[in-house]
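So the chains spell out like this:
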Amino acid sequence: MRPLAVALAGRGLVDPDEPVFHADDEAVVRGAAAFETIRVRAGNAVFLDRHLDRLTRSALALGLAAPEGAHALAEQAVEAAGTDEGAMRVYWTGRTLVATVSPLPPGLDGLRARGLQLVTFRSGAVPGLLAGVKATSYAANMAAVAEAERRGADDALFLGEGETVLELTTSNAWWRDGDVLSTPATATGVLPGVTRGAIAELAREAGLRVREGVFTLPMLLRAEEAFASSAVREIVPVVSVDGRELGRGPAAGELQQLLAAVR
């Protein structure tokens, strides 16, 4: 999808069709650039400071210097895009810092209405040295999405040893039993999603108890409802896993309303 605006550190706004990364940039060649995906709502980049803090942590973990000027660059891109709703990407290779704003992916409301169908994949390489790092090495995740779609599903749910629930390809996993909302702990190697953290805060304010830990697939399958969370899709109900139907409940919709009110 063609960006609405592209801002490049040291140059400012550039034509969205103009190349911005160097062909010999090692972080691009090796897939070791740090990046963030950020929701734009009402003309504002939501949770921008939290995302840029994680960008810095990811960069340092990848052996890159901390990016400088990312906040101003992101705001410049949002203003130039001139859109109320969109999706921002901020990339840092250690050599190039760029912020882009694109339209939201089509069909998000429809996807939220019908819910996600998932298939499970056993994860052969749970993150260790790069646990919690958001890098551009997403080839395995995208291959999992393609295989899930080939099987008639929407996305993949990664499982660790002993059917430990981890995460979706680009989303965190949640499920509810009564007033308890569960999500895999970051100690399992899942990405500490910025939206994940915000949902935990909103859920507690709404009277839910949030439980983080090591959970198995049967625990998720017994839940009253389940959903996935990410920066752009935000909250999307999960309606089946490996063909087994899951119930739908009120928490996903209520938390989505609270999240949508954040500017």
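Provided above is the structure to which this section pertains.
These lines cover the structure that appears in this document, whether it is placed above or below. As the structure is a computational prediction, the values presented were derived from the model and not from experiment. (Residues numbered from 1 in each chain as written. Predicted model: local features only at pLDDT ≥ 70, side-chain atom pairs only at ≥ 80, totals over all residues. Heavy atoms only, no water.)

A closer look at the overall build of the protein chain
Next, step 1: Counting its regular elements, the protein chain contains eight helices and 15 strands.
Next, step 2: Taken over C-alpha atoms, the radius of gyration comes to 18 Å for the protein chain, in line with the 18 Å a tight globule of 263 residues would show.
Next, step 3: In terms of principal-axis extent, the alpha carbons of the protein chain reach across some 55 × 40 × 35 Å.
Next, step 4: Relative to its 263 residues, the protein chain shows a buried fraction of 53%.
Next, step 5: Surface accessibility of the protein chain: about 12,100 Å² in total, with carbon and sulfur atoms responsible for 51%.
Next, step 6: Both charge centroids of the protein chain, one from 26 positive and one from 33 negative side chains, sit 4 Å from each other. (Helix = DSSP H or I, 4+ residues; strand = E, 2+ residues; numbered from the N terminus. Rg over C-alpha atoms; globule rule 2.2 N^0.38 Å. Buried < 20%, exposed > 50% of the residue type's maximum accessible area, 1.4 Å probe, protein only. Areas by Shrake-Rupley, 256 points an atom, 1.4 Å probe, with all protein chains shown as cover. Lys, Arg positive; Asp, Glu negative; His and termini not counted. Charge placed at Lys NZ, Arg CZ, Asp CG, Glu CD.)

Some thoughts on the packing of helix H6 (residues 194–205) against helix H8 (residues 250–260)
Next, step 1: Look at H6 against H8: their axes get within 10 Å of each other, and the N-to-C directions meet at 110°. With respect to their mutual orientation, H6 and H8 come out roughly perpendicular. Contact residues: Thr195, Ala198, Ile199, Leu202 and Ala203 in H6; Leu255, Leu258 and Leu259 in H8. (Axes fitted to C-alpha atoms, helices over the stretch in contact; angles between N-to-C directions. Parallel < 35°, antiparallel > 145°, perpendicular 65-115°, else oblique. Contact = heavy atoms within 4.5 Å.)

What to know about the packing of helix H2 (residues 48–61) against helix H3 (residues 70–81)
Next, step 1: Where H2 meets H3, the closest approach of the two axes is 10 Å, and the angle between their N-to-C directions is 130°. It follows from the interaxial angle that H2 and H3 lie oblique. When the axes of H2 and H3 are compared, the crossing they make is right-handed. Two secondary-structure elements touch here, H2 through Leu48, Asp49 and Leu52 and H3 through Ala70, His71, Ala74 and Glu75.
Next, step 2: A breakdown of the residues in the contact of H2 with H3 according to their chemical character gives four nonpolar, one polar and two charged. (Left-handed = near helix turned anticlockwise from the far one by under 90°. Nonpolar A, V, L, I, M, F, W, Y, C, P; charged D, E, K, R; others polar.)

Quick notes on the pairing of strand E13 (residues 225–230)
Next, step 1: Of all six residues in E13, six are buried, a share of seventy percent or more.
Next, step 2: The pairing of strand E10 (residues 172–177) with E13 spans five bridges and is classified as antiparallel. Counted as the bridge partner of Asn172 is Ser229 from E13.
Next, step 3: The sheet contact formed by E13 and strand E14 (residues 234–241) spans five bridges and is antiparallel. Bridge pairing in E14 places Phe227 opposite Pro237.
Next, step 4: The antiparallel pairing of E13 with E14 creates a hairpin that spans three residues between the two strands. (Pairing = 2+ DSSP bridges.)

Thoughts on the environment of Ala148
Next, step 1: Of note, Ala148 is situated in helix H5 (residues 139–150).
Next, step 2: Between the alpha carbons of Ala148 and Leu118 there is a distance of 7.3 Å; along the sequence they are 30 residues apart.
Next, step 3: Ala148 has contacts with Val119, Phe121, Ala153, Asp155 and Ala156, leaving out every residue within four places of it along the chain.

Section: unusual backbone geometry
Next, step 1: Positive phi values are uncommon outside glycine, yet Ala42 reaches one of about 55°.
Next, step 2: By the element assignment, Ala42 lies in the loop between strand E3 (34–41) and strand E4 (44–45).
Next, step 3: Owing to a relative accessible area of 36%, Ala42 belongs among the partly exposed residues under this scheme.
Next, step 4: The phi dihedral of Glu163 is positive, around 60°, even though this residue is not glycine.
Next, step 5: Locating Glu163 in the fold gives a position in the loop between strand E8 (155–159) and strand E9 (165–168).

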